[in-house]
Amino acid sequence: MESRSTTILAVRRNGKTAVGGDGQVTFGNSVIKHGAKKIRRLYHDQVIVGFAGSAADGLALMERLEAKLEEFRGNLIKAAVQLAKDWRMDKYLRRLEALLLAVDREHMLLISGNGDIIEPDEPILAIGSGGDYARAAALALYRNTDLSAREIVEKSLKIASEICIYTNDRFTIEEI
């Protein structure tokens, strides 16, 4: 059976960054869980990370990122680069099927197993099966309203949940 992704969205505005994700877990054509938490705080609550993809793989990658953050004393860029290098080169890690979205007060990164570390031009980033829907909604709200980062995340995830069948409306939102 095929497991499906999720929706994770990050928005930065006025010095605040909000990261939100839905809680749905699907397996094949069935919803298995409605309230999963796919977002975690790492490194003394200074970094927020969300994952899309296999839960076990996403959690394993979060643990590795946290170890890299400890090694590089909270430097998210250095930790992400080292994780991406390891992920791409290590035989075991290459098999992990997940994407990470990581933010701190200064950076917003998409980290993939292909060695990608992408920081968006605008302060909005999304991953997962509903990521494009959430990102489009967030861009429109960011460009055309004065809503806070958290409000944009909430409204954008709600829109994504109404479009993407692999996204529900039970959100976890963290802010730094």
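The structure this text deals with has already been given above.
Attention here is on the structure that accompanies the text. As the structure is a prediction and not an experimental result, all values here were calculated from the model.

Analysis parameters
Residues numbered from 1 in each chain as written. Predicted model: local features only at pLDDT ≥ 70, side-chain atom pairs only at ≥ 80, totals over all residues. Heavy atoms only, no water. Helix = DSSP H or I, 4+ residues; strand = E, 2+ residues; numbered from the N terminus. Buried < 20%, exposed > 50% of the residue type's maximum accessible area, 1.4 Å probe, protein only. Polar contact = N/O pair within 3.5 Å; in protein donor to acceptor, adjacent residues only side chain to side chain. Contact = heavy atoms within 4.5 Å. Phe/Tyr/Trp six-rings, centres within 6.5 Å; stacked < 30°, edge-to-face > 60°. Lys NZ or Arg CZ within 6 Å of the ring centre and 35° of its normal. Salt bridge = Lys/Arg side-chain N within 4 Å of Asp/Glu carboxyl O. Lys, Arg positive; Asp, Glu negative; His and termini not counted. Axes fitted to C-alpha atoms, helices over the stretch in contact; angles between N-to-C directions. Parallel < 35°, antiparallel > 145°, perpendicular 65-115°, else oblique. Left-handed = near helix turned anticlockwise from the far one by under 90°. Nonpolar A, V, L, I, M, F, W, Y, C, P; charged D, E, K, R; others polar. Core = buried A, V, L, I, M, F, W, Y, C linked by side-chain atoms within 4.5 Å.

Before going further, it helps to examine the side chain of Gln-24. Among the structural elements, Gln-24 can be located in the loop between strand E2 (16-21) and strand E3 (25-27). Given the relative accessible area of 7%, Gln-24 is considered buried. Within polar-contact distance, the side chain of Gln-24 engages the backbone oxygen of Ile-165 at 2.9 Å. Here Gln-24 is in contact with Thr-6, Val-31, Lys-33, His-34, Lys-38, Ile-165, Tyr-166, Thr-167 and Asn-168, once residues within four sequence places are set aside.

Okay, the packing of aromatic side chains next. Tallying each qualifying case throughout the model produces zero aromatic pairs. The cationic tip of Arg-13 hangs over the ring face of Tyr-142; the distance from NZ or CZ to the ring centre is 4.3 Å.

Where side chains of opposite charge bring their charged atoms close, a pairing between them can arise. If you walk through the whole model with that rule in mind, you get 10 salt bridges. In this structure, Lys-68 engages Glu-71 in a salt bridge whose closest nitrogen and oxygen atoms are separated by 3.9 Å. You can see Lys-68 and its partner Glu-71 sitting in helix H1 (residues 55-71), three residues apart, about one turn around the helix. Taking the relative accessible area as the measure of exposure, Glu-71 reaches 48% and is therefore partly exposed. As a salt-bridge pair, Glu-154 and Arg-150 come within 3.3 Å of each other at their nearest N and O atoms. Residue Glu-154 and its partner Arg-150 are located together in helix H4 (residues 149-163), separated by four residues, close to a single helical turn. Each of Lys-37, Arg-41 and Glu-174 takes part in a single network of salt bridges with overlapping partners.

This brings us to the side chain of Arg-12. Considering the arrangement of structural elements, one finds Arg-12 in strand E1 (residues 8-13). Of the side chains with opposite charge, Asp-104 comes closest to the buried, unpaired Arg-12, at an N-O distance of 4.7 Å. Side chain to side chain, Arg-12 and Thr-17 meet in a polar contact 2.7 Å long. Separated by 3.4 Å, the side chain of Arg-12 and the backbone oxygen of Glu-106 make a polar contact. For Arg-12, the contacting residues outside a window of four places in its chain are Thr-17, Asp-104, Arg-105, Glu-106, His-107, Met-108, Pro-123, Tyr-142 and Ala-149.

What follows is about the environment of Glu-122. Along the chain, the position of Glu-122 falls in the loop between strand E9 (117-118) and strand E10 (124-127). Relative accessible area serves as the criterion here: at 26%, Glu-122 is assigned to the partly exposed category. Between the C-alpha atom of Glu-122 and that of Arg-12, which follows or precedes it by 110 residues, the distance is 8.9 Å. Apart from residues lying up to four places away in sequence, Glu-122 is in contact with Leu-139, Tyr-142 and Arg-143.

The subject of this paragraph is the packing of helix H3 (residues 131-144) against H4. Running from N to C, H3 and H4 point in directions that differ by 140°, and their axes come no closer than 8 Å. Accordingly, the angle class assigned to the pair H3 and H4 is oblique. Our pair here, H3 against H4, has a crossing hand that is right-handed. Judged by residue contacts, Tyr-133, Ala-134, Ala-137, Ala-138, Leu-141 and Tyr-142 of H3 engage Ile-152, Lys-155, Ser-156, Ile-159, Ala-160 and Ile-163 from H4. Partitioned by chemical class, the residues of the contact of H3 with H4 number 10 nonpolar, one polar and one charged.

The biggest cluster of nonpolar side chains holds 21 residues, and the ones touching the most others in it are Val-47, Val-49, Leu-61, Leu-65, Leu-69, Leu-100 and Ile-111. For this core, the elements supplying multiple residues, two or more each, are strand E6 (47-53), H1, helix H2 (76-89), strand E7 (98-103) and strand E8 (108-111). Sort the elements by how many residues they give to this core and H2 lands first, with six residues. Setting aside residues up to four positions removed in sequence, Val-47 forms contacts with Arg-40, Arg-41, Leu-42, Leu-69, Leu-76, Val-103 and Asp-104. Ranked by size, the runner-up nonpolar core spans 16 residues in total, among them Ile-124, Ala-126, Ala-134 and Ile-152.

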